[in-house]
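Geometric and topological summary
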Amino acid sequence: MESQKQRMERAAKIVAGLAEWYPDSTGTPLAWHRPLELLLATILAAQARDDTVNLVMPNLLARFPDAAAIAGAPTEEVEAIIRTTGFFRAKARSVQACCRQLVDLHGGEVPGTMEALTALPGVGRKTANVVLGNCFGVPGLVVDTHVLRVSKRWELTAEVDAEKVESDLCGLVPRSDWTSFSHRVTWFGRLFCTARNPRCPECRLRSLCSFGRAREA
Ligand code: SF4
C-alpha cells in the first residue's frame, strides 16, 4: 500500500516527466486574447471540439464585441452563430446570462476570483480554473475528462467526482504546477494515454503507472 508521502514522490516524478515530454503544452488549446473570450469559449467547449469553438468565437465577437452586446443580442442570432458547438440553445442561454451578470455586477469585465467566477451562470470550477490559470496567473487545476481518466490510471485519485479529483490532485501536485500540469495531462490524454488505446508499451511514464504495467503483464 502506497503511503501519501510515496504517492507525492511519484506524483512529482510524473509532473517532471510530463514537463520534459510536453514542454510547450502549458496553456489551453482554446484561442483567446482577453478573459471574456476565454470564459465564453470554455462555456462553449463543453461537449465540443476546441477547434470548432476556435472557429465560432471570432464570429461571435465580430458581431457582438463585448459582454453588454452579447447580453442584449437577439438570442436566435447567438444560437445561429454558436450552433456548430452543439447544445446551442442551452449554451446561448448560459452565455447571455453570464454576460448579463458580468455587466450587472462587474462592469462588463471578467472577475479574477474563484468565488466571483463560479457565481456566474454556467460557470463551474473547471471553467473558473481555466480562466484563473490562463488569464490571471492564479494556479488552477482543471479537471476535464482526460485529467479524470489519466489521474485514475496513475492512482493519484480514486474519486470520480471532478471536484474531489481536483482536491486530491491539489494535495499531490505543487501549487505552482497546477495550471501547466492539468494542461499537459489533457494533451497527454488526448494524444497518447487515450481512453480506448493508451500506448503503454511506448510510454515514458509506465514505471510510475500500475495500470500500464498491469496491461503488459
Ligand atoms: S503506461 Fe499506459 S496507462 Fe499509464 S500513463 Fe502510460 S499510456 Fe497511460
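If you're wondering where the values come from, they're calculated on a predicted model, not measured in any experiment.

Even without being glycine, Phe-87 reaches a positive phi, approximately 45°. Here Phe-87 is to be found in the loop between helix H5 (75–82) and helix H6 (88–106). One non-glycine residue, Glu-155, lies in positive phi territory at about 55°. Along the chain, Glu-155 falls in the loop between helix H9 (145–153) and helix H10 (162–170). You can call Glu-155 partly exposed: its relative accessible area is 44%.

Turning to the packing of helix H3 (residues 50–63) against H5, a few remarks are in order. Orientation of H3 relative to H5, taken along the N-to-C sense of each, is 155°, at an axis distance of 9 Å. It follows that H3 is roughly antiparallel to H5 by the angle criterion. As for how H3 packs across H5, the hand of that crossing is right-handed. Across the interface between the two elements, Val-56, Asn-59, Leu-60 and Arg-63 of H3 pack against Glu-77, Val-78, Ile-81 and Ile-82 of H5. Of the residues that constitute the contact of H3 with H5, the class distribution is five nonpolar, one polar and two charged.

Bringing the domain arrangement of the protein chain into the picture now. Along its sequence, the protein chain is carved into domain 1 (4–27 + 141–216) and domain 2 (35–135). The centre of domain 1, based on its C-alpha atoms, is set 28 Å off from the matching centre of domain 2. Listed as interface residues are ten residues of domain 1 and, on the opposing side, seven residues of domain 2. A buried area of about 670 Å², summed over both sides, lies between domain 1 and domain 2, and 48% of it is on carbon and sulfur atoms. Of all residues in domain 1, Val-142, Glu-166 and Thr-179 give up the largest surface area on contact with domain 2, accounting jointly for 50% of the area buried on that side. At the surface where domain 1 touches domain 2, the tally comes to two salt bridges. In this structure, the salt-bridge partner of Arg-125 is Glu-166, at a minimum N-O distance of 2.6 Å. Linking domain 1 with domain 2 are five residue pairs in polar contact (both at pLDDT 80 or more), by the criterion used here. Mapped onto the side of domain 1 that touches domain 2, the elements with two or more residues apiece are H10 and helix H11 (178–191). If one sorts the elements of the side of domain 1 that touches domain 2 by residue count, H11 sits on top with three residues. In terms of residue class, the side of domain 1 that touches domain 2 is made up of three nonpolar, three polar and four charged.

The next point concerns the packing of aromatic side chains. A complete count under the given rule lists seven aromatic pairs for this structure. Considering the side-chain rings of Tyr-22 and Phe-188, the 6.2 Å spacing of their centres and the 70° angle between planes classify their relative orientation as edge-to-face. Of this pair, Tyr-22 sits in the loop between helix H1 (4–21) and helix H2 (35–44) while Phe-188 is found in helix H11, placing the two residues 166 residues apart along the sequence. When its relative accessible area of 12% is taken as the criterion, Tyr-22 is described as buried.

This part covers the nonpolar core. Formed by 39 residues in total, the largest nonpolar core has its most connected members in Leu-39, Leu-40, Met-57, Ile-70, Leu-102, Leu-117 and Val-123. Secondary-structure elements contributing two or more residues to this core are H2, H3, helix H4 (67–71), H5, H6, helix H7 (114–118) and helix H8 (125–135). Top element by residues in this core is H2. It accounts for seven residues. Beyond its immediate sequence surroundings of up to four residues, Met-57 is in contact with Glu-37, Leu-40, Ala-41 and Leu-44. The next biggest cluster of nonpolar side chains, apart from the first, holds 26 residues, and it includes Leu-141, Val-173, Val-185 and Leu-208.

Here is what the cut-offs are and how they apply
- Residues numbered from 1 in each chain as written.
- Predicted model: local features only at pLDDT ≥ 70, side-chain atom pairs only at ≥ 80, totals over all residues.
- Heavy atoms only, no water.
- Helix = DSSP H or I, 4+ residues; strand = E, 2+ residues; numbered from the N terminus.
- Buried < 20%, exposed > 50% of the residue type's maximum accessible area, 1.4 Å probe, protein only.
- Axes fitted to C-alpha atoms, helices over the stretch in contact; angles between N-to-C directions.
- Parallel < 35°, antiparallel > 145°, perpendicular 65-115°, else oblique.
- Left-handed = near helix turned anticlockwise from the far one by under 90°.
- Contact = heavy atoms within 4.5 Å.
- Nonpolar A, V, L, I, M, F, W, Y, C, P; charged D, E, K, R; others polar.
- Domains from an automatic or database assignment.
- Buried area = accessible area lost by both parts, 1.4 Å probe.
- Salt bridge = Lys/Arg side-chain N within 4 Å of Asp/Glu carboxyl O.
- Polar contact = N/O pair within 3.5 Å; in protein donor to acceptor, adjacent residues only side chain to side chain.
- Phe/Tyr/Trp six-rings, centres within 6.5 Å; stacked < 30°, edge-to-face > 60°.
- Core = buried A, V, L, I, M, F, W, Y, C linked by side-chain atoms within 4.5 Å.

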